[in-house]
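# Structural description and commentary
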Amino acid sequence: MKAAGVSTCRFSVFGRICGRSAHQTGVRAHPAGQRKAREQIRVEVETLKKVQQTVDEILLVIDRQAKACGVPYYLFYGSALGAIRHHGFIPWDDDADIVLFRKDFEKLRAYWAAHPVEGYFYQDTTTDPGYHVKITKIRKNGTAFVEPQLKDCDMHHGMFVDIFVLDDYVENAFLRR
């Protein structure tokens, strides 16, 4: 039973449904505050959708480059999970990850260097002197997505897709067991 004048808290800090009343959480919501909170969540959802659309554009560019040089790649981590479970992005995910075998990665890197895509930046420690992370990224120029741990680095901070390399993989099925 709800106390008089106490509304139900529909969203947690992370925008997930919490299903607890304001009385249970100890928060008394003012109607104007509720409107502001709903508006903030709506803006965050719209922003996340725009981020996901941009990341999807980057994936399409990578796909075209990979096909052009005959390189297979695989969705990885949450991107693979989202593709299977949600037929797209995990609803709260803001990035994409792909993985390639080392020989394919080197082939894609060489192809990208010879055939750069206008509006996109291949970022690694050799192409961006201010970038000191071992994960290669494809970033979209004219966008910004500053990762907190890299905020003080003088580097390209555009929206991105992470590219991971699968090293030390045993190709012989018998030896993999």
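What you see is a predicted model; the values in this text were computed from it and never measured. (Residues numbered from 1 in each chain as written. Predicted model: local features only at pLDDT ≥ 70, side-chain atom pairs only at ≥ 80, totals over all residues. Heavy atoms only, no water.)

Attention now moves to the nonpolar core. Generally speaking, soluble globular proteins have nonpolar side chains that are buried together. The biggest cluster of nonpolar side chains holds 22 residues, and the ones touching the most others in it are Trp-112, Ile-138 and Val-161. Elements with a minimum of two residues in this core: helix 2 (31-68), strand 2 (97-101), helix 4 (102-114), strand 3 (120-123) and strand 5 (160-166). Examining the composition of this core, we find that seven residues originate from one element, helix 2, more than from any other. With sequence-adjacent residues up to four places away left out, Ile-138 is seen in contact with Ile-58, Ile-62, Trp-112, Tyr-120, Phe-121, Tyr-122, Met-159, Phe-160, Val-161 and Ile-163. (Core = buried A, V, L, I, M, F, W, Y, C linked by side-chain atoms within 4.5 Å. Buried < 20%, exposed > 50% of the residue type's maximum accessible area, 1.4 Å probe, protein only. Helix = DSSP H or I, 4+ residues; strand = E, 2+ residues; numbered from the N terminus. Contact = heavy atoms within 4.5 Å.)

Consecutive side chains of a regular strand alternate in pointing toward one face of the sheet and then the other. Burial of strand 5 is extensive: five of the seven residues sit out of reach of the surface. Summarising the sheet, strand 2 and strand 5 pair through five bridges and their orientation is parallel. Looking across to strand 5, one finds that Asp-97 is bridged to Asp-162. (Pairing = 2+ DSSP bridges.)

A few words now on the environment of His-115. Here His-115 shows up in the loop between helix 4 and strand 3. By relative accessible area, His-115 is classed as partly exposed at 39%. Expressed as a C-alpha distance, the spacing of His-115 and Gln-65, which sit 50 residues apart in the sequence, is 8.5 Å.

Our next topic: helix 4. In this model helix 4 runs 18 Å from its N-terminal to its C-terminal C-alpha over 13 residues, within 8% of the 18 Å that 1.5 Å per residue would give. Residues of helix 4 that are buried: Asp-104, Phe-105, Leu-108 and Trp-112. Looking down the long axis of helix 4, one finds its buried residues gathered within 100° of arc, a one-sided arrangement. Exposed positions of helix 4 whose direction lies more than 90 degrees from the buried face are Lys-103, Ala-113 and Ala-114. (Expected span 1.5 Å × (residues − 1). Arc of directions from axis to C-beta.)

Looking at where Val-133 falls in the secondary structure, it is placed in the loop between strand 3 and strand 4 (136-140). Put simply, Val-133 and Leu-150 are 17 residues apart on the chain and 9.3 Å apart in space, counted from C-alpha to C-alpha. Not counting the four nearest positions on each side in its chain, Val-133 is found in contact with Thr-125 and Leu-150.

For the rest of this paragraph, the subject is the pattern of salt bridges. Summed over all chains, the structure comprises 11 salt bridges. Of the charged contacts, one joins Asp-104 and Lys-103 as a salt bridge, the two residues approaching to 4.0 Å between their closest N and O atoms. Judged by its relative accessible area of 8%, Asp-104 is buried. Taking the shortest distance from any N to any O, the salt bridge between Glu-147 and Arg-139 comes out at 3.3 Å. On the basis of relative accessible area, Arg-139 is assigned to the buried category, the value being 0%. Within this structure, Arg-102, Glu-106, Arg-109, Asp-124 and Asp-167 form a network of salt bridges that share partners. (Salt bridge = Lys/Arg side-chain N within 4 Å of Asp/Glu carboxyl O.)

Spatially, five strands are ordered 1-2-5-4-3 in an open sheet, and the strand pairing comes out mixed. Strands at the two margins of the open sheet, each flanked by one partner only, are strand 1 (74-75) and strand 3. Here strand 4 runs beside strand 5; their pairing, made up of four bridges, is antiparallel. Note that in strand 5 the partner of Lys-137 across the bridge is Asp-162. Running over the sheet, helix 4 touches strand 2, strand 3, strand 4 and strand 5 and is turned about 110° from strand 2. (Axes fitted to C-alpha atoms, helices over the stretch in contact; angles between N-to-C directions.)

This part takes up unusual backbone geometry. The phi torsion at Tyr-77 lies on the positive side, around 55°, for a residue other than glycine. Structurally, Tyr-77 can be placed in the loop between strand 1 and helix 3 (78-85). We classify Tyr-77 as exposed; its relative accessible area is 51%. Although it is not a glycine, His-87 sits at a positive phi angle of roughly 55°. In this fold, His-87 is placed in the loop between helix 3 and strand 2.

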